[in-house]
Amino acid sequence: MSLNVLDTMGRSMRDLRISVTDRCNFRCPYCMPAEIFGEAYEFLPREEILTFEEITRLTGLFAEFGVAKARITGGEPLLRTDLPQLISQIAAVEGITDVTLTTNGYLLAQQAQGLKDSGLHRITVSLDSIDDEVFKQMNGRGFGARRVLHAIQRAAEVGLTPVKINAVVQRGVNDHTIVDLARHFKGTGHIVRFIEYMDVGNRNGWKLDEVVSADEIIARIDAEMPLEPAPGNYHGEVAERYLYRDGSGEIGVIASVTRPFCGACTRLRLSTDGQIFTCLFATRGTSLRDPLRDGATDDELRNLIAGIWTRRADRYSEERAAATPEMPRPVKVEMYQIGG
């Protein structure tokens, strides 16, 4: 059954991102800078976080509206106790055909088999550089890249493929390492996706001149390892695909800043505390946890979800592209609360 509601721009809902924790063991400056998220920072208490049963019930309702893909995010989702149990519950939801997870990879190697056994189909690992010194700077904890590289190998061994590697590219920080990153994974079957540095949240000090455009990223890689554009895999895919001309694989670029793709966005996000957000750059969400815990019926929750989606008019990236420097920036939800 599909209730098939459309938003104000004619977009359907197809992709659900579920944040299972607001905690993380990294302190990446563009997401959770250490000077703000220190030892004294108060994360959500357990009672405010959705239970597995609540997440599964809501996922079932979203599936009725046409959601087929569910991605587990955080914070760092592998910090959530008994996560394979949740994955098995989501994988069993009628209509959900693809269950994936995004992780920083630090805890992945020892959990990879259990995740696969629970029904996880694929995995995405965030890795901004294979240069140890650059990676230490970007994860904010001084962790080297070796452990994450081993986790990627382990994920492939257990069948969580294709493994995708996400790299946020920031000028003057890691842009000099993008060719090395691409070269490292060329021919492995893994897909590196380079992400333009975005103004997610309010605390990363984003500046437009620190954005390395998708065009520049592709030009740098193409100069050493020739590329050719490839068609997308499905409607709403956020990464633009490029194939190596020698047939040894592909890379992707996510150009939210220079080539916004709001018009094809089919994503919604469920935060750790049960709020629904209809954009990565949203200023506010709507609680589903509160009515759920107050005894709302499935029909009442369906009506609430439908009302939120049919009013959806989000196109922040397009608006950013048209904004002038003097225009005020909205106060947005933080990325660690709703995933990337």
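Refer to the structure printed above.
About the criteria used
- Residues numbered from 1 in each chain as written.
- Predicted model: local features only at pLDDT ≥ 70, side-chain atom pairs only at ≥ 80, totals over all residues.
- Heavy atoms only, no water.
- Axes fitted to C-alpha atoms, helices over the stretch in contact; angles between N-to-C directions.
- Helix = DSSP H or I, 4+ residues; strand = E, 2+ residues; numbered from the N terminus.
- Parallel < 35°, antiparallel > 145°, perpendicular 65-115°, else oblique.
- Left-handed = near helix turned anticlockwise from the far one by under 90°.
- Contact = heavy atoms within 4.5 Å.
- Nonpolar A, V, L, I, M, F, W, Y, C, P; charged D, E, K, R; others polar.
- Pairing = 2+ DSSP bridges.
- Core = buried A, V, L, I, M, F, W, Y, C linked by side-chain atoms within 4.5 Å.
- Buried < 20%, exposed > 50% of the residue type's maximum accessible area, 1.4 Å probe, protein only.
- Polar contact = N/O pair within 3.5 Å; in protein donor to acceptor, adjacent residues only side chain to side chain.
- Right-handed = clockwise from strand over helix to strand, strands pointing away.
- Phe/Tyr/Trp six-rings, centres within 6.5 Å; stacked < 30°, edge-to-face > 60°.
- Lys NZ or Arg CZ within 6 Å of the ring centre and 35° of its normal.
- Disulfide = S-S within 2.5 Å.

S.K.: Honestly, the packing of helix 6 (residues 178–185) against helix 7 (residues 214–224) in this entry has me stumped. Any pointers?
M.R.: Each pair of packed helices can be summarised by the angle the axes make with each other and by the distance between the axes. Where helix 6 meets helix 7, the axes come as close as 9 Å, and the angle between the chain directions of the two elements is 55°. When the interaxial angle is binned, helix 6 and helix 7 end up oblique. Note on packing geometry: the crossing formed by helix 6 with helix 7 is right-handed. In this structure, helix 6 contributes Ile178, Val179, Ala182 and Arg183 to the contact, and helix 7 contributes Ile217, Arg220, Ile221 and Glu224. Looking at the contact of helix 6 with helix 7 residue by residue, the classes come out as five nonpolar, no polar and three charged.

S.K.: How should the sheet that holds strand 12 (residues 286–287) be read in this particular structure?
M.R.: Across a sheet, strands are paired by hydrogen bonds formed along the backbone, either parallel or antiparallel in direction. As summarised here, the arrangement of the 12 strands in space is 7-8-9-6-5-4-3-2-1-10-11-12, forming an open sheet in which the pairing is mixed. The outermost strands of the open sheet, each flanked by one partner alone, are strand 7 (227–230) and strand 12. As judged from the four bridges shared by strand 3 (residues 98–103) and strand 4 (residues 122–126), these two strands associate in the parallel manner. Note that in strand 4 the partner of Thr102 across the bridge is Thr124. Here helix 6 sits on the sheet and contacts strand 5 (164–169), strand 6 (191–196) and strand 8 (240–244); the angle it forms with strand 6, its principal contact strand, is near 160°. Lying over the sheet, helix 7 contacts strand 5, strand 6, strand 7, strand 8 and strand 9 (250–254), oriented at roughly 160° with respect to strand 9.

S.K.: Just checking my understanding: could you explain the nonpolar core for this structure?
M.R.: Across soluble globular proteins, you tend to see nonpolar side chains buried next to one another. Counting 103 residues, the largest nonpolar core has Phe62, Phe194 and Ile221 as its most contacted members. Residue contributions to this core peak at six residues, all from helix 1 (residues 52–64). Those residues in contact with Ile221 that sit more than four places away from it in its chain are Val179, Ala182, Phe194, Leu227, Tyr244 and Ile251.

S.K.: What is the right way to read the environment of Arg57 from this model?
M.R.: Relative to the helices and strands, Arg57 is located in helix 1. Once residues within four sequence positions are removed from consideration, Arg57 is found in contact with Leu292, Ala296, Thr297, Asp298 and Leu301.

S.K.: Looking at this model, I keep getting lost on the side chain of Asn104. Mind explaining?
M.R.: Take Asn104: it is sitting in the loop between strand 3 and helix 3 (108–118). In terms of polar contacts, Asn104 uses its side chain to reach the backbone amide nitrogen of Tyr106, at 3.0 Å. If near-sequence neighbours (up to four positions away) are discounted, Asn104 is found in contact with Cys24, Asn25, Phe26, Glu76, Val125, Ser126 and Val148.

S.K.: How should the pairing of strand 1 (residues 15–19) be read in this particular structure?
M.R.: One face of the sheet, then the other: side chains in a regular strand alternate in exactly this way. Within strand 1, five of the five residues are buried, leaving the element largely enclosed by the surrounding structure. Of the two faces of strand 1, both are covered, the one formed by Asp15, Arg17 and Ser19 as well as the one formed by Leu16 and Ile18. As paired strands, strand 1 and strand 2 (residues 69–73) are joined by five bridges and run parallel to one another. Among the inter-strand pairings, Ser19 is bridged to a residue of strand 2, identified as Thr73. With respect to chirality, the unit in which strand 1 leads through helix 1 into the neighbouring parallel strand 2 is right-handed. Bridge count for strand 1 against strand 10 (residues 267–270) is four bridges, and the pairing is parallel. The residue bridging Ile18 from the neighbouring strand is Leu270, located in strand 10.

S.K.: Would you explain unusual backbone geometry in this entry?
M.R.: If a residue is not glycine, its phi is most likely negative; likewise, a peptide bond is most likely trans. That bond from Gly74 to Gly75 is cis: its omega, 15°, falls within 30 degrees of zero. Tracing the backbone through its elements, the reader meets Gly75 in the loop between strand 2 and helix 2 (83–91). Note the cis peptide between Thr161 and Pro162, where omega equals -5°. Tracing the backbone through its elements, the reader meets Pro162 in the loop between helix 5 (146–158) and strand 5. Notably, Asn4 is not glycine yet its phi reads approximately 50°, a positive angle. In this fold, Asn4 is placed in the segment before strand 1.

S.K.: Teacher, can you tell me more about the packing of aromatic side chains here?
M.R.: The description of an aromatic ring pair uses the distance of the two centres, along with the angle that the planes make with each other. With the rule as written, the count across this model stands at six aromatic pairs. Ring centres 6.0 Å apart and planes at 65° place the aromatic pair Phe26 and Tyr106 in the edge-to-face group. Of this pair, Phe26 sits in the loop between strand 1 and helix 1 while Tyr106 sits in the loop between strand 3 and helix 3; the two residues are 80 residues apart in sequence, bridging distant segments of the chain. Across the pair, exposure class does not vary: Phe26 and Tyr106 are buried alike. Through a chain of ring-to-ring contacts, three or more aromatic side chains come together here, namely Phe26, Tyr106, Phe135 and Phe143. Above the face of the Tyr106 ring, Arg147 is positioned so that its terminal group lies 3.8 Å from the ring centre. The positively charged end of Lys186 is found above the aromatic ring belonging to Tyr244, 5.1 Å away from the centroid.

S.K.: Just checking my understanding: could you explain the state of the cysteines for this structure?
M.R.: A covalent bond between the sulfur atoms of two cysteines is referred to as a disulfide. In the structure shown here, the tally under the stated rule is zero disulfides. With no disulfide of its own, Cys24 has Cys28 as its nearest cysteine by sulfur position, at a separation of 6.3 Å. Residue classification places Cys24 among the buried residues on the basis of a relative accessible area of 18%.

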